[in-house]
Amino acid sequence: MKRDQRYKAGIISSLIPSKFSVERWSYTVHRITGVIMVGYLMAHIFETFQLGGGSTAWANTMAALHSLGPMEMVGLWIVAGSALYHGGNGIRLVLNEAFGRLMGKPILPVYPYSPTSLGRNQKIAVWTITALVLALWVWAGVYLLAGIGVI
Amino acid sequence: MAQPTKEKEGSLMKESWNMVVTYVTAALLVFVLTFHLLLHSPLAGKAFEDTLAFGYATGNLVYYQVIFGVLLFTAVIHGFNGLRVIVVEWLHPTRLAWLLNVLVIALMAFFIAVGTVTLIVVG
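One structure accompanies this document, and this report is about it. These numbers come from a predicted model, not from an experiment.

**Quick notes on the overall build of chain B**
Okay, so step 1: A count of helices and strands for chain B gives 4 helices and 0 strands.
Okay, so step 2: Put simply, chain B runs from its N terminus to its C terminus through helices and strands in the order α-α-α-α.
Okay, so step 3: For chain B, with 123 residues in total, the buried portion stands at 16%.
Okay, so step 4: Put simply, of all contacts in chain B between residues at least 6 apart along the chain, 72% involve residues at least 24 apart.

**Overview of the interface of chain A and chain B**
Okay, so step 1: Contact residues are listed per partner, giving 26 residues for chain A and 30 residues for chain B.
Okay, so step 2: Contributions of two or more residues to the side of chain A that touches chain B are made by helix 1 (3-13), helix 2 (22-49), helix 3 (55-66), helix 4 (70-98) and helix 5 (120-146) of chain A.

**Brief notes about the environment of M108(B)**
Residue and element names in this part refer to chain B.
Okay, so step 1: Here M108 is to be found in helix 4 (residues 97-122).
Okay, so step 2: For M108, a count of 17 C-beta atoms within 10 Å translates into the label partly exposed.
Okay, so step 3: Between the alpha carbons of M108 and V21 there is a distance of 14 Å; along the sequence they are 87 residues apart.
Okay, so step 4: In this structure M108 touches V76, I77 and F80, once residues within four positions along its chain are discounted.

**A few points about the nonpolar core**
Okay, so step 1: Of all hydrophobic cores here, the largest spans 21 residues; its most connected members are A80(A), A83(A), L84(A) and V76(B).
Okay, so step 2: Contributions of two or more residues to this core are made by helix 2, helix 4 and helix 5 of chain A together with helix 1 (14-39) and helix 3 (65-91) of chain B.
Okay, so step 3: Aside from chain neighbours lying at most four places away, what touches L84(A) is V133(A), L136(A) and W137(A).

**Points about helix 1 of chain B**
Residue and element names in this part refer to chain B.
Okay, so step 1: When the terminal C-alpha atoms of helix 1 are compared, their 37 Å separation across 26 residues agrees well with the 38 Å that a helix rising 1.5 Å per residue should span.
Okay, so step 2: Along helix 1, the sharpest kink reaches roughly 30°, centred on L29.
Okay, so step 3: Of all the residues in helix 1, the buried ones are T22, T25, L29 and V32.
Okay, so step 4: Looking at the buried positions of helix 1, the neighbouring elements they touch are helix 3.

Rules and cut-offs
Residues numbered from 1 in each chain as written. Chains lettered and ligands numbered in written order. Predicted model: local features only at pLDDT ≥ 70, side-chain atom pairs only at ≥ 80, totals over all residues. Helix = DSSP H or I, 4+ residues; strand = E, 2+ residues; numbered from the N terminus. Buried ≥ 20, exposed ≤ 12 C-beta atoms within 10 Å, placed from the backbone. Contact = placed C-beta atoms within 7 Å. Core = buried A, V, L, I, M, F, W, Y, C linked by C-beta atoms within 7 Å. Expected span 1.5 Å × (residues − 1). Bend = angle between axes of the 7 residues up to and from the residue.

Laid out in structure tokens, this is it:
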């Protein structure tokens, strides 16, 4: 297989989640939430730039955002969820990759091979973070969406 | 056969330095971004709509200028370096790696400049 085709096969297979492990799911969601937040960051920097134009410019910006209707708050809720997951999972990754925590002790490679990175501590960390993030995301949803009557 | 580049003992390769930057900015972001979100949360004692008022937004930018400056720099550096890592992992650019680096640095500089102008003008 040519080099370019091999890379394309890698991209396509990385988009098929049927055989993802817990760690692979957290890797994928970490990247998706990261891209969402960079998109929002760029828009947010331009949005905040309008503050320099005074209260009228800011009021016009807010009016333009409010014209999106419920999508404005739904969008913010998605960004809030992205920030919560990316931050929580990021703390796990820093502990894991930078400080070698949650890795477990090395074991002999015995068939069927099970990566030590997917050990008990890692799985507990991933599921704990997911539960905490979901709880905080629901809280953020109530705060953001209840104010505009969506829920 | 090409000899591998000798790294000074104890030194880090380029990508390793990138990861150090990623981890340091990530650790800072956990604190400053949490602070930013708390200013717009129920803990601020206001409805969300009220936290978007001109007076409240400019007041926060003036009063917490240093924190928002740190947030701007860390978020932009962490975010665009993260995008670069995703592109590198997916496409493995070799000949165009320099172009990707230039593009990412240019975007970082642009958004940091826009954010810094905001902080200076409002401040």
